[in-house]
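Examination of the molecular architecture
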Amino acid sequence: MAESELLSVRGLSMRFGGLLAVDQVSMEVRLGEVVSLIGPNGAGKTTVFNCISGFYRPTSGEVLFKGRPMQRLPGFKIARAGMVRTFQNVRLFKEMTVIENLLVAQHMQAERNLLKGLLLTKGYRRREQEVMERAAHWLERVGLIDFANREAGNLAYGQQRRLEIARCMVTQPRLLMLDEPAAGLNPNETRDLNQMIVRLKQEEGITVLLIEHDMSLVMDISDRIYVVNQGKPLADGTPEQIQRNPEVIKAYLGEE
Amino acid sequence: MASQLLHAGFSAGLTFLLGASVLGVELRSQGVNTIVAVEGPMTWLWLGVAVVIVFFHQLFRPRIEALRRRTWGGSRFSLPPLLRNHAQRRLMIALVIGALLLFPFLAERSAIDLATLTLIYVMLGLGLNVVVGLAGLLDLGYVGFYAVGAYTYALLNNYFGFSFWEALPLAGIVTALFGYLLGFPVLRLRGDYLAIVTLGFGEIIRILLNNWTELTGGPNGISRIPKPTLFNLEFSRRADEGNIPFHEFFGIPYDPSYKVMYLYILALLLSLATVYVIYRLMRMPIGRAWEALREDDIACRSLGLNPTGIKLSAFTIGASFAGFAGAFFAARQGFISPESFTFIESAIVLAIVVLGGMGSQLGVILAAIAMTLLPEIAREFNEYRMLLFGLIMVMMMVWRPQGLLPLKRPQMELKRG
């Protein structure tokens, strides 16, 4: 295995009863890349995501993250390993404020010793300060600092999407997995998202695995693309290769 | 306007029918005729007044409500603005605590006793609020932990001669341990299932205490549980061997109300400690995690939070407060039996949490006061007491489903210089 490989999925299959939702999907994500997973509706993209991030236990196959097998671990341990995801329909803590959403996300970085918290020790206050500052820093970066003390559920949809990404970023992940981040966004918001992902990649060195239907976004920011159709891997390559691949065109547009 | 008129007419008609049957208007057959029988002419008057009031109220309701909104502003039960300022709030809290500490020296003995009981419910309500209000786990067996706390003190005293002060921390620890052990297998359940299993646990603990006669005395309970002491000074007329009674030590005449006052002050201090600890917990990472878990446990998992561990911590910490309250209860009563720990106690504590506004400490405290004082105030209604109680609960749920004082956000604020 090459040094630069961050995530490697081999022969991943997921069976729900009689339905083989994912069939022998393999993919590699290298450090610092933006890799997209595309396919028609119901192709099994989100199922692949759920298997990788530990929300489903795959029927067979391997998921290696930094060379360590992940496929048997529960979701929260995978997240702690540095693989953090967003959801197709935004999953914020809607009744909590924007800043609180980012504080919760930093649970593992915060001082969790009850006694230190109850007694408000110096160390506890310093750690809380750090957590707060990191949250504020990320709010600034996604342009939500003015909404810090608002309820997350009251934000506009595009802002909620950005907050969800910020919430992932405060956990300081290695791999950011975005499940249709542009769904429901207008063209302006999609363009902002595009720039944001590019900036995250350049400035934070974050690796991104993306599921997306918006083809212009996918073709613009992806280094490589994997295509699945009806649970099976169909093609992979650079955006140019994928755009010219007759199999992919057939899957998307139907047969002549 | 026509629809308003129709609506008002319908409401008035409904009032007439309901009012007539409630006020004892009856149809009686007299020979071949059917006559309308009433108790006295006043019945018609009252009925007429009721119908007219309902008719006009319904007719002008939109306008009345608009007027009310203009005079009182949007929400009616929100905190007065003076409590928002930090320094003023501190002063206010200090004043309230001062008043509560002075209370036993001014009030009657029975009032102090009732206040002590209220404070026990405050403790229980605040403890259950952690589990139900903050972590969103519906626990119907909370009384089980209350019983464990009470019996921990009673048994430790009975068999090993532990004093209240020695047993109090142990009661908290033992109850927390019970919370942990019971929580472990059930916390992967959610919602209704969790409610049923916890209901079962509450009953199991009570039945166990009832039937393990050799250890717990069964239905006869445990009596002669000593009252708390003040640095080994007892509040009885004559102290046990080796101890000195409070009044002899200070050279004042014996008065049984000293004991009542001391119990009240103890309950107050325990309640204040509970309020403070939970106030801190709510603002600590663990408290934030509880609330986040209540809202979306899938999102929590995706961020690296372990849902089982966080639920378990809420269950354990919530249980320990019931343990403290239980030990205090045992000491106050001097006698406990499984009968004190029936399901209705769980229901009352849960009602306090729901009535107060899930997650809100001040709301829970107010609700605990209301829930213990109301049955006392309504004593003259005798058998209608529970009916009145039920009516108030129903009205609360209709008009204020979020509780008296729902949890105010934010707990944590970003302050920018």
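Counting restarts for each chain: residues are numbered from 1 in the order of the written sequence. By the order in which they are written, chains take letters starting at A while ligands take numbers starting at 1. With pLDDT at 70 or above as the cut-off, local features in this predicted model cover only qualifying residues; side-chain atom pairs require 80 or more to be listed or tallied, and sums for whole chains, interfaces and linings still use all residues.

1. Examining the sheet that holds strand β5 (residues 68–69) of chain A
Residue and element names in this part refer to chain A. To keep things clear, this is the line we draw: What makes two strands pair is DSSP finding at least two bridges between them. Helix numbering and strand numbering both begin at the N terminus, where a helix is a DSSP run of H or I of at least 4 residues and a strand a DSSP run of E of at least 2.
What the four strands build is an open sheet, ordered β2-β1-β4-β5; its pairing is antiparallel. Both edges of this open sheet fall to β2 (19–30) and β5, since each of them pairs with a single strand only. Pairing of strand β1 (residues 5–16) with β2, which is carried by eight bridges, proceeds in the antiparallel orientation. The residue of β2 that forms the bridge with serine 8 is glutamate 28.

2. Looking at the interface of chain A and chain B
Stated formally: Contact between two residues is assigned when their C-beta atoms, built from the backbone, lie within 7 Å. In this count, Pro and Cys sit with the nonpolar residues alongside Ala, Val, Leu, Ile, Met, Phe, Trp and Tyr, while Asp, Glu, Lys and Arg are called charged and the others, Gly among them, polar.
Taken together, the 31 residues of chain A in the interface contact 25 residues of chain B. Looking at the side of chain A that touches chain B, the elements with two or more residues in it are α2 (75–81), β6 (83–85), α3 (98–105) and α4 (114–118) of chain A. Ranked by the residues each element gives to the side of chain A that touches chain B, the list is headed by α3(A), at five residues. Residue composition of the side of chain A that touches chain B, grouped by class: 15 nonpolar, seven polar and nine charged.

3. Comments concerning the packing of helix α11 (residues 257–282) of chain B against helix α14 (residues 307–333) of chain B
All names here are of chain B. For clarity, the threshold we go by: Each axis is a line fitted through C-alpha atoms, taken for helices only over the stretch in contact, and angles between the N-to-C directions span 0 to 180 degrees. Angles below 35 degrees are treated as roughly parallel, those above 145 as roughly antiparallel, those between 65 and 115 as roughly perpendicular, and all remaining angles as oblique.
Contact pair α11 / α14: the axes reach a minimum separation of 11 Å and the direction vectors enclose 180°. Between α11 and α14, the crossing angle belongs to the class labelled roughly antiparallel. Two secondary-structure elements touch here, α11 through Leu263, Leu266, Ala267, Leu270 and Thr274 and α14 through Phe321, Phe324, Phe328 and Arg332. In the contact of α11 with α14, the residues fall into seven nonpolar, one polar and one charged.

4. Points about the confidence of the model for chain B
All names here are of chain B. Convention followed: The pLDDT value tells you how sure the predictor is about a given residue, anywhere from 0 up to 100.
On average, residues of chain B carry a pLDDT of 84, and 91% of them reach 70 or more. Low pLDDT, under 50, characterises residues 74–78; the stretch is placed with three contacts to residues that sit more than four places away or in other chains. Scored as a complex, the prediction yields pTM 0.81 and ipTM 0.90.

5. Brief notes about the domain arrangement of chain B
Using the following cut-off: Here the limits of each domain have been adopted from an automatic or database domain assignment.
Taken as a whole, chain B is organised into domain 1 (2–65) and domain 2 (109–399). Summarising the inter-unit geometry, the C-alpha centres of domain 1 of chain B and domain 2 of chain B are found 47 Å apart.

6. Points about the sheet that holds strand β9 (residues 224–229) of chain A
Residues and elements named next belong to chain A. The six strands are arranged β6-β7-β8-β3-β9-β10 in an open sheet whose pairing can be described as mixed. The open sheet has two free edges, formed respectively by β6 and β10 (232–237), since each of these has just one partner strand. With direction set aside, neighbouring strand axes in the sheet form an average angle of 20°. Pairing of strand β3 (residues 34–38) with β9 involves four bridges; the strand directions are parallel. What sits directly across from valine 35, in β9, is arginine 224.

7. Focus on unusual backbone geometry
Heads up, the rule is: Any residue surrounded by 20 or more other C-beta atoms within 10 Å of its C-beta is treated as buried, while 12 or fewer makes it exposed and the intermediate range makes it partly exposed; C-beta atoms here are placed from the backbone.
With a phi close to 55°, Gln24(A) is a non-glycine residue in the positive phi region. Take Gln24(A): there are 14 C-beta atoms within 10 Å of it, and that puts it in the partly exposed class. One non-glycine residue, Arg224(B), lies in positive phi territory at about 55°. Position of Arg224(B) among the secondary structure elements: in the loop between α9 (213–216) and β3 (233–234). Given 9 C-beta atoms within a 10 Å radius, Arg224(B) is considered exposed.

8. Quick notes on the domain arrangement of chain A
The domain architecture assigned to chain A consists of domain 1 (1–82 + 175–185 + 206–256) and domain 2 (92–172). Distance from the C-alpha centre of domain 1 of chain A to the C-alpha centre of domain 2 of chain A: 29 Å.

9. Quick word on the packing of helix α6 (residues 142–160) of chain B against helix α15 (residues 343–356) of chain B
Residue and element names in this part refer to chain B. Put simply, the rule is: Take the far helix as the reference: if the near one is turned anticlockwise from it by less than a right angle, the crossing is left-handed, and if turned clockwise, right-handed.
Following both chains from N to C, one finds α6 and α15 inclined at 115°, their axes separated by 7 Å at the closest point. Regarding the angle of α6 to α15, the classification is roughly perpendicular. For the pair α6 and α15, the sense of crossing is right-handed. Contact with α6, carried on its side by Tyr142, Val143 and Tyr146, involves Phe343, Glu345, Ser346 and Val349 of α15 and no other residues of that element. In the contact of α6 with α15, the residues fall into five nonpolar, one polar and one charged.

10. Re helix α5 (residues 109–134) of chain B
We count it as follows: Expected helix span is computed as 1.5 Å times (number of residues minus one).
Counted at 1.5 Å a residue, the expected span for α5(B) with its 26 residues is 38 Å, and the 36 Å between its end C-alpha atoms agrees. In terms of residue burial, α5(B) counts as a mostly covered element, since 20 of its 26 residues are buried.

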